[in-house]
Amino acid sequence: MKIVTYNVNGIRAALKKDWIGWLKTVDPDVVCLQEIKATPDQVPEIAFFEQMGYEHYWYPAQKKGYSGTAILTKKTPKNVEYGCGHEDYDFEGRIIRADFDDVSVMSTYFPSGTTGDTRQAFKYRFLDDFQAYATKLVEEKTNLIVCGDFNICHRAIDIHNPKSNANTSGFLPEEREWMENFINSGFIDTFRHLHAEPHNYTWWSYRAGSRGKNLGWRIDYNMASVALRDRIKSAHILSDAVHSDHCPVLLELGD
């Protein structure tokens, strides 16, 4: 099973940059999208998804043009779960999950705290609630993949300039500690599981030519529950995909 997570920063904008062509080339089985910023009725290209064999499940935010998640899949899920039962996060369309016979795949868009103290506090609340939610969920869904934009760099290796960003949302000590605890609670950072080398990023600022210089952050992850350890076949950051300020991350699971 080939699973891709991709914060497209607006699906309609990405589609204008030949996102369909990219999808045909990579041909994943499941695509977890974040920051779709649209409702299905605003995306006529849905017909192309269907022609390619994808079913599509959307969880847009109530606020137009903001946040939202979606899952495209070539395999029919047994169940699709919209939201996590927390009104504040579900209002913003932050979590959607598809349950298959042998694995459950979640697309999640963690809040950003970059706009100030109020949203940073919201982010911390989300982190606490998400940990509790994931801990309970993995007891029921043993084979769980949590895909998405976590808006957190885990370690210094995951950010281009850790010293100057030490007090920046996304790399704050409390956020990094949360990420460490989340992994230790029973999850595997699948990319880092197979790749120890530095300078691998998934997001770049639009400012100062950051992407061309590879001055980035690794904030997009495919986290696998420990029960899936032996099925992790490959993991890649697809940095050549330029439909967004993020790039997609690929996970391949064996049988």
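Just so we're clear, the structure is a prediction, and the values are computed from it rather than from any experiment. (Residues numbered from 1 in each chain as written. Predicted model: local features only at pLDDT ≥ 70, side-chain atom pairs only at ≥ 80, totals over all residues. Heavy atoms only, no water.)

1. With respect to the UniProt feature "site: Transition state stabilizer" (unreviewed entry) in the protein
Under the UniProt annotation, "site: Transition state stabilizer" (unreviewed entry) lies at Asn151. Among the secondary structure elements, Asn151 is positioned in the loop between strand S8 (144-149) and helix H6 (173-184). Its relative accessible area of 13% is what places Asn151 among the buried residues. Leaving out residues up to four positions away in the same chain, Asn151 has contacts with Tyr109, Phe110, Pro111, Ser112, Lys123, Gly170 and Ile219. Separated by 2.9 Å, the side chain of Asn151 and the backbone oxygen of Phe110 make a polar contact. (UniProt positions renumbered as here; feature names shortened; annotations may be inferred. Helix = DSSP H or I, 4+ residues; strand = E, 2+ residues; numbered from the N terminus. Buried < 20%, exposed > 50% of the residue type's maximum accessible area, 1.4 Å probe, protein only. Contact = heavy atoms within 4.5 Å. Polar contact = N/O pair within 3.5 Å; in protein donor to acceptor, adjacent residues only side chain to side chain.)

2. So, the environment of Asp255
Examined against the element boundaries, Asp255 turns out to sit in the segment after strand S14 (249-253). For Asp255, a relative accessible area of 94% corresponds to the exposed category. Residues Asp255 and Ile232 lie 23 residues apart in sequence; the distance between their C-alpha atoms is 9.4 Å.

3. Side note on H6
Taking 1.5 Å per residue, twelve residues should reach 16 Å; H6 reaches 16 Å between its end C-alpha atoms and fits that length. Turning to H6, its buried residues number three or more, namely Glu175, Trp178, Met179, Phe182 and Ile183. Viewed end-on, H6 has its buried residues packed into an arc of 130°, placing them on one side of the element. Set apart from the buried face of H6 by more than 90 degrees, the exposed residues are Pro173 and Asn184. If you follow the buried residues of H6, they end up packed against helix H5 (117-140), strand S9 (187-189) and strand S12 (220-225). (Expected span 1.5 Å × (residues − 1). Arc of directions from axis to C-beta.)

4. Here we look at the sheet that holds S8
Spatial ordering of the open sheet is given by S5-S6-S7-S8-S12-S9, a layout of six strands whose pairing is mixed. Single-partner strands in this sheet number two, and they are strand S5 (79-82) and S9. Neighbour-to-neighbour, the strand axes of the sheet open up by a mean angle of 20°, direction not taken into account. Across five bridges, the pairing between strand S6 (residues 95-99) and strand S7 (residues 104-109) is antiparallel. Each residue of the ladder has a partner; that of Ile95, found in S7, is Thr108. Packing of H6 onto the sheet brings it into contact with S9 and S12, and relative to S12 it is tilted by some 30°. (Pairing = 2+ DSSP bridges. Axes fitted to C-alpha atoms, helices over the stretch in contact; angles between N-to-C directions.)

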